[in-house]
Amino acid sequence: MNPIMQATAAFVDHQRNLHDARALMRLRDELLKLKVRAELRDNDSALMVHRLEPGLPVWVFVGYGGAYYSWQSAEKRHPVRDPDGAAQVLAEYVGR
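If you're wondering where the values come from, they're calculated on a predicted model, not measured in any experiment.

Chemist: Tell me about the nonpolar core, and please be specific about residues and values.
Modeler: Within soluble globular proteins, side chains that are nonpolar generally end up buried alongside one another. Core analysis: the largest hydrophobic core is formed by 20 residues, its most contacted members being Leu27, Leu31, Leu47, Val49, Val60 and Tyr69. For this core, the secondary-structure elements that each account for two or more residues are α1 (3–33), β1 (38–41), β2 (46–49), β3 (58–63), β4 (68–71) and α2 (83–93). Those residues in contact with Leu31 that lie beyond four places of it in its chain are Val36, Ala38, Leu47, Val49, Ala87, Leu90 and Ala91.

Chemist: Any chance you could break down the sheet that holds β3 for me, citing the residues and the numbers?
Modeler: Overall, antiparallel pairing links the five strands, which are arranged β1-β2-β3-β4-β5 in an open sheet. Because the sheet does not close on itself, it has two edges, and the strands there are β1 and β5 (76–79). Averaged over neighbouring strand pairs, the angle between their axes works out to 25 degrees when direction is ignored. Bridge count between β3 and β4: three bridges; the pairing is antiparallel. The partner of Phe61 across the bridge, within β4, is Ser70. Where α2 meets the sheet, it contacts β3, β4 and β5, and its direction lies at approximately 10 degrees from that of β4.

Chemist: An account of the side chain of Asp20 is needed here, citing residue identities and associated values.
Modeler: Structurally, Asp20 can be placed in helix α1. At a separation of 3.2 Å, a polar atom in the side chain of Asp20 contacts the side chain of His19. Every residue in contact with Asp20, bar those within four places of it in the chain, is listed here: Val62 and Gly66.

Chemist: Describe the pairing of β4, naming the residues involved and giving the relevant values.
Modeler: The antiparallel hairpin formed by β3 and β4 contains four residues in its connecting segment, where Tyr64 sits at a positive phi of about 55 degrees. Relative to β5, β4 runs antiparallel, the two sharing four bridges. By the bridge assignment for β5, Tyr69 is matched with His78.

Chemist: Break down α2 for me, with residues and values.
Modeler: Considered for burial, the residues of α2 that qualify are Pro83, Gly85, Ala86, Ala87, Leu90 and Ala91. Downstream of α2 by a residue or two, Gly95 has a phi angle that is positive, lying close to 90 degrees.

Chemist: How would you explain the side chain of His78 if you had to name every residue and give the values?
Modeler: With respect to the helices and strands, the residue His78 is situated in strand β5. The exposure class assigned to His78 is buried, which follows from its relative accessible area of 15%. At a separation of 3.3 Å, a polar atom in the side chain of His78 contacts the main-chain amide nitrogen of Ala86. If near-sequence neighbours (up to four positions away) are discounted, His78 is found in contact with Ala67, Tyr68, Tyr69, Trp71, Gly85, Ala86 and Val89.

Rules of the game
Residues numbered from 1 in each chain as written. Predicted model: local features only at pLDDT ≥ 70, side-chain atom pairs only at ≥ 80, totals over all residues. Heavy atoms only, no water. Core = buried A, V, L, I, M, F, W, Y, C linked by side-chain atoms within 4.5 Å. Buried < 20%, exposed > 50% of the residue type's maximum accessible area, 1.4 Å probe, protein only. Helix = DSSP H or I, 4+ residues; strand = E, 2+ residues; numbered from the N terminus. Contact = heavy atoms within 4.5 Å. Pairing = 2+ DSSP bridges. Axes fitted to C-alpha atoms, helices over the stretch in contact; angles between N-to-C directions. Polar contact = N/O pair within 3.5 Å; in protein donor to acceptor, adjacent residues only side chain to side chain.

Take it as geometry only, folks, not as evidence of what the structure does.
What follows is the structure, encoded as structure tokens:
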């Protein structure tokens, strides 16, 4: 791969990471409005959502080409374009 192609690939990868991080931040903000504790982790690549009852937290990622929030090994997902709806679904999932 020539240097121009490498630079282009790095730029595209950086833009995708920014998109994913912003989507997770929007979801975190919506969860906080619902009094669900959530925090960005791993260089803003994942959102850790705490359960009401003791137990393991739920890890949320942006997947499917940036189109969906996904959790529970990608068995559960919700469109990124609807962070409010995703927050409602996640709040119910973690027992709020």
